[in-house]
Amino acid sequence: MASVTYEHVTKRFGDVVAVNDLNVHIEDKEFLVFVGPSGCGKTTSLRLLAGLEEVTEGNIYIGDKIVNDVPPKDRNIAMVFQSYALYPHMSVYDNMAFGLKLHKVPKKEIDRRVHEAAKILGIEHLLDRKPKQLSGGQRQRVAVGRAIVREPAVFLFDEPLSNLDAKLRVQTRSELTKLHKRLGTTFIYVTHDQVEAMTMASRIAVMKDGVLQQVDVPQVVYDHPANLFVAGFIGSPSMNFFDATVVEADGKYYIDGGTFRVRVPDDLVDKVKPYRGQQVIFGIRPENIHAKGFVPPGLKGAEMTAEVDVTEMMGNEIFVYMVTGKTQFIARVDPRVRVKPGDSFTVVLDMERMHLFDPKTEKAYF
């Protein structure tokens, strides 16, 4: 077992900086997820650790050993790719055993490891089949099994669920979480899907344009995003943002968006005071906007009225897209609400869960 450390790691491809001064320490047995949009540097970060790309600057440690110049086969890691990369002419058993045979592991030990991994993954009955006889989910399990039999210090996963359908992704997500607990090994996982990151990770590392934006446990990243990008990327639907001004009137503080004015709760006034009279970006998540008449008890809310643009019935909730001024925003409301496009709709904002951002630096005030 091993920890992993990226120490001031930079990777350039010509003039393009794919990863810029990455500093992350991943504890032994941790499940860390790199998440971000395409081209943010998350897969490159994983490939640098695997030895599939060379580090331009900085050091990568596995345990207390620098591995910059260590060949991939000697890094004691195993990688699961987005494409299953199974040998079509080999059986499931032979696909899982192939790497061990190359390392001249004794036949009896290979057999033990393959059957043990197959049992963990529930694919014992598939060992004699060829990949073409398997479903996508079964092929993905074989690819994971091929990594497990190596008994590595670190598992690397590069968007392994992207080729699965939605239902199977949810199922396989939970299976990987259970597998991590069972194996007690360091998992480093790359995805563009923030739902995968939130549900699986012990910590999330959010990246944008090769730069690490924030790394923390999922709930902290969700509740206290470091900047505008993290706030908008984590959460589905994403956080609503409004150009606004902090104003004071009669000793009370308000967020004034031009077409709306909502009062800041008393217990947040001290946080808001320093920005009196300043332009800010006001953020609030769709789940913190409630339909009037369906407000949770004890909520310190502020009312806003806007025009309904589109509604989406989700069964257990309704997404209501509304417009105020030139800004469209989304509310997740109770499914019993009756509202249609064109209606004037009053909602209640849970102001205790508001966020403020600097419009110039995009960093979070709180």
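Right above here is the structure, for reference.
Residues numbered from 1 in each chain as written. Predicted model: local features only at pLDDT ≥ 70, side-chain atom pairs only at ≥ 80, totals over all residues. Heavy atoms only, no water.

Draft legend 1. Looking closely at the pattern of salt bridges. Per the stated rule, a full pass over the model turns up 20 salt bridges. Between Glu287 and Arg332 there is a salt bridge, with its nearest N and O atoms 3.8 Å apart. Taken together, the positions of Glu287 in the loop between strand S14 (279-284) and strand S15 (289-291) and Arg332 in strand S18 (residues 327-333) put the pair 45 residues apart, joining distant regions of the chain. A relative accessible area of 22% means that Arg332 is categorised as partly exposed. The partner of Asp343 in a salt bridge is Lys340, with the nearest N and O atoms 3.4 Å apart. Judged by its relative accessible area of 21%, Asp343 falls in the partly exposed class. Taken together, the shared-partner salt bridges connect Glu109, Arg112, Arg113, Glu116 and Glu151 into one network. (Salt bridge = Lys/Arg side-chain N within 4 Å of Asp/Glu carboxyl O. Helix = DSSP H or I, 4+ residues; strand = E, 2+ residues; numbered from the N terminus. Buried < 20%, exposed > 50% of the residue type's maximum accessible area, 1.4 Å probe, protein only.)

Draft legend 2. Region of the structure containing the environment of Leu49. With respect to the helices, strands and loops of the structure, Leu49 is situated in helix H1 (residues 42-50). A residue is classified by how much of its surface remains accessible, and Leu49, at 0% relative accessible area, is buried. It is 8.6 Å that separates the C-alpha atoms of Leu49 and Ile62, two residues lying 13 residues apart in sequence. Contacts of Leu49, omitting those with residues within four sequence positions, involve Val4, Tyr6, Ile60, Ile62, Arg75, Leu156 and Ile188. (Contact = heavy atoms within 4.5 Å.)

Draft legend 3. Region of interest: the sheet that holds strand S12 (residues 252-256). Ordered by their spatial adjacency, five strands build an open sheet running S13-S12-S11-S14-S20, and the pairing between neighbours is antiparallel. Two strands bound the open sheet, and with one partner strand each, they are strand S13 (261-263) and strand S20 (355-357). Neighbour to neighbour, the strand axes of the sheet diverge by 40° on average, direction disregarded. As paired strands, strand S11 (residues 240-249) and S12 are joined by five bridges and run antiparallel to one another. Within S12, the position partnered with Val247 by the bridge is Tyr254. (Pairing = 2+ DSSP bridges. Axes fitted to C-alpha atoms, helices over the stretch in contact; angles between N-to-C directions.)

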